[in-house]
Amino acid sequence: MKRLIGYLFVAVLLLNPTILLAQKSAGTEVKQLQGPQNPRLGFVIHGGAGVISRGSLSPEREKEYRAKLEEAVMAGYKALQAGKSSLDAVEIAIRILEDSPLFNAGKGAVFTNEGKNELDASIMDGKTLGAGAVAGLTRVRNPITLARAVMEKSEHVMMVGAGAEKFAEQQKMELVDPKYFWTESRWNALQKILKEEKEKEEKSKDHGKLIEAEKPANKFGTVGAVALDKDGNLAAGTSTGGMTNKRFGRVGDAPIIGAGTYANNATCAVSATGWGEFFIRLSVARDISSLMEYRAMTVQQAADLVIKTKLQKLGGDGGVIAIDKFGNIGVSFNSEGMYRAYINAEGKPVVEIYGAEK
Ligand code: ASP
């Protein structure tokens, strides 16, 4: 009899991967979604990582950030609750953040060295491994929607510059005058960097070494989202203006599938933010997925290994949000802060900005 009960217990365990996963992840910082809401819905967003220390934001500014993050995370979650797909939820939330001047994406995009705004975005479908990416846009109001159109309505994965905008016209996307992306705070940020650069240039004889040799402070603010829908499908998306003072058509990790964005129903969905050059070199998003696939890590363990060990060692900074096929959330960053929000076990939004907020 005892043996029979033992066999039954093992059989239940084998048939229920959620139990196995919960056991494997014991002791790590995994946020398991359980509770009154559909346990298979999960939604997490970020609004960029960077030097965001406590006290650096005025209370009013902090309130604005928290309100916008809550609005976006709730909009995506409500879409999931209404039965929409993870791709829909990702696009809906990212469009809200793109339309806000607070974040470095869409309306609030940072300026290039030449004083322009060049936008990048990507999206990935964990069910089909379909992906769409756009880079170097100057007139598309919502780059995430164009990235999705590239995935769903073209034969390609990535389009850049004028060609991508021609496709946007064909697809009847909303185009705006490039002036739409002008914001005072981003303009002032560029002027400050240009001034600092000039001062350094005057002091230094070695002019050739000046380009982006230093750790960029306060230049981040990319947005992203990852979702798990009622059908168990994962999706991830990321949208950015890149980095202030970028030059020569520079493109970061946000539109690079496997670097800034990745989704695979077998593992997880990831969206990154940070110093893009490092995220590209480490294939951050795909590496997190691979660690889960090949090394059976939990989503939090994989995110921490890539961000807190590998990225840290290489000298980069930033963070990721991730979600696995069971709705476990992984959040990891080695920067001072990361704007982020997720839906907790009670189905309520939680918004965080600084390190260790609890
Ligand atoms: N990762 C973005 C880039 O390098 C910047 C950011 O996350 O804010 O373009």
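That block above? That's the structure.
So, here's what we can say about the structure. (Residues numbered from 1 in each chain as written. Predicted model: local features only at pLDDT ≥ 70, side-chain atom pairs only at ≥ 80, totals over all residues. Heavy atoms only, no water.)

Per the secondary structure count, the protein includes ten helices and twelve strands. Looking at the protein as a whole, 55% of its 358 residues qualify as buried. Partitioning the intrachain contacts of the protein with sequence separation of at least 6 by distance along the chain shows that 70% fall at a separation of at least 24. (Helix = DSSP H or I, 4+ residues; strand = E, 2+ residues; numbered from the N terminus. Buried < 20%, exposed > 50% of the residue type's maximum accessible area, 1.4 Å probe, protein only. Contact = heavy atoms within 4.5 Å.)

If a residue is not glycine, its phi is most likely negative; likewise, a peptide bond is most likely trans. For Lys172, which is not glycine, the phi dihedral falls at a positive 60°. Mapped onto the secondary structure, Lys172 falls in the loop between α6 (161-170) and α7 (184-203). Given a relative accessible area of 73%, Lys172 falls into the exposed group. Positive phi, normally seen in glycine, also occurs at Phe248, with a value near 55°. On the accessibility criterion, Phe248 (76% relative accessible area) is exposed.

Before going further, it helps to spend a moment on helix α9 (residues 284-295). Between its first and last C-alpha atoms α9 spans 16 Å; for twelve residues at 1.5 Å apiece the expected length is 16 Å, and the two agree. All buried positions along α9 are accounted for by Val284, Ala285, Asp287, Ile288, Ser289, Ser290, Leu291 and Met292. In this structure, the buried residues of α9 make contact with β7 (261-263), β8 (268-274), α8 (276-281), α10 (299-314) and β9 (318-324). Just beyond α9, the residue with positive phi is Ala296, at close to 50°. (Expected span 1.5 Å × (residues − 1).)

What follows concerns the environment of Phe279. Residue placement: Phe279 occurs in helix α8. Once residues lying within four places of it in the same chain are set aside, the contact partners of Phe279 are Asp253, Ala259, Ala272, Thr273, Gly274, Val284, Ile307, Leu311, Asp317, Gly318, Gly319 and Val320.

With that settled, consider the side chain of Thr273. Position of Thr273 relative to the elements: it lies in strand β8. Within the structure, Thr273 has its side chain in polar contact with the backbone nitrogen of Ala49 (distance 3.2 Å). Excluding residues within four positions of it along the chain, Thr273 makes contact with His46, Gly48, Ala49, Thr222, Phe279, Gly318, Gly319 and Met338. (Polar contact = N/O pair within 3.5 Å; in protein donor to acceptor, adjacent residues only side chain to side chain.)

Neighbouring residues of the ligand: eleven residues in total, closest Thr222, Arg250, Asp253, Thr273 and Gly274. Arg250 is positioned such that a nitrogen or oxygen atom in its side chain is 2.8 Å from an oxygen atom of the ligand. In this structure, an oxygen atom belonging to the ligand sits 3.0 Å away from a main-chain N or O atom of Gly276. The fraction of the free accessible surface of the ligand (270 Å²) that becomes covered by protein chains is 100%. Looking at the shell around the ligand, its residues break down into two nonpolar, seven polar and two charged. (Near = heavy atom within 4 Å. Areas by Shrake-Rupley, 256 points an atom, 1.4 Å probe, with all protein chains shown as cover. Nonpolar A, V, L, I, M, F, W, Y, C, P; charged D, E, K, R; others polar.)

Moving on to the pattern of salt bridges. Charged atoms that come close allow side chains of opposite charge to pair. Evaluated as defined, the whole model comprises 20 salt bridges. Asp231 serves as the salt-bridge partner of Lys230, at 3.4 Å between the closest nitrogen and oxygen. Given the relative accessible area of 40%, Lys230 is considered partly exposed. Taken together, the shared-partner salt bridges connect Asp88, Glu91, Arg148 and Glu152 into one network. (Salt bridge = Lys/Arg side-chain N within 4 Å of Asp/Glu carboxyl O.)

Now for the packing of aromatic side chains. For any pair of aromatic rings, geometry is given as the distance between the ring centres together with the angle between the planes. One pass over the full model with this rule turns up seven aromatic pairs. Seen from their ring centres, Phe111 and Trp187 are 5.1 Å apart, and the 80° between their planes marks the pair as edge-to-face. In this pair, Phe111 is assigned in the loop between α4 (86-98) and β2 (119-125) and Trp187 in helix α7, connecting sequence segments 76 residues apart. When the centroid spacing of 5.0 Å and the interplanar angle of 80° are considered together, the rings of Tyr180 and Phe181 count as edge-to-face. Exposure remark for Phe181: the relative accessible area of 0% places this residue in the buried category. Here the aromatic residues Tyr65, Phe103 and Tyr339 are joined through ring pairs into a cluster of three or more. The ring of Tyr180 carries the charged tip of Lys107 above its face, separated from the ring centre by 4.8 Å. (Phe/Tyr/Trp six-rings, centres within 6.5 Å; stacked < 30°, edge-to-face > 60°. Lys NZ or Arg CZ within 6 Å of the ring centre and 35° of its normal.)

So, about the pairing of strand β10 (residues 329-333). Within a regular strand, the side chains alternate between the two sheet faces. Most of β10 is tucked away: five of the five residues are buried. Going residue by residue along β10, you find Ile329, Val331 and Phe333 tucked away on one face and Gly330 and Ser332 tucked away on the opposite face as well. Of the pairings in the sheet, the one linking β9 to β10 comprises five bridges and is antiparallel in character. Looking across to β10, one finds that Ile321 is bridged to Val331. Linking β9 to β10, which pair antiparallel, is a turn of four residues; within it Gly327 sits at a positive phi near 95°. (Pairing = 2+ DSSP bridges.)

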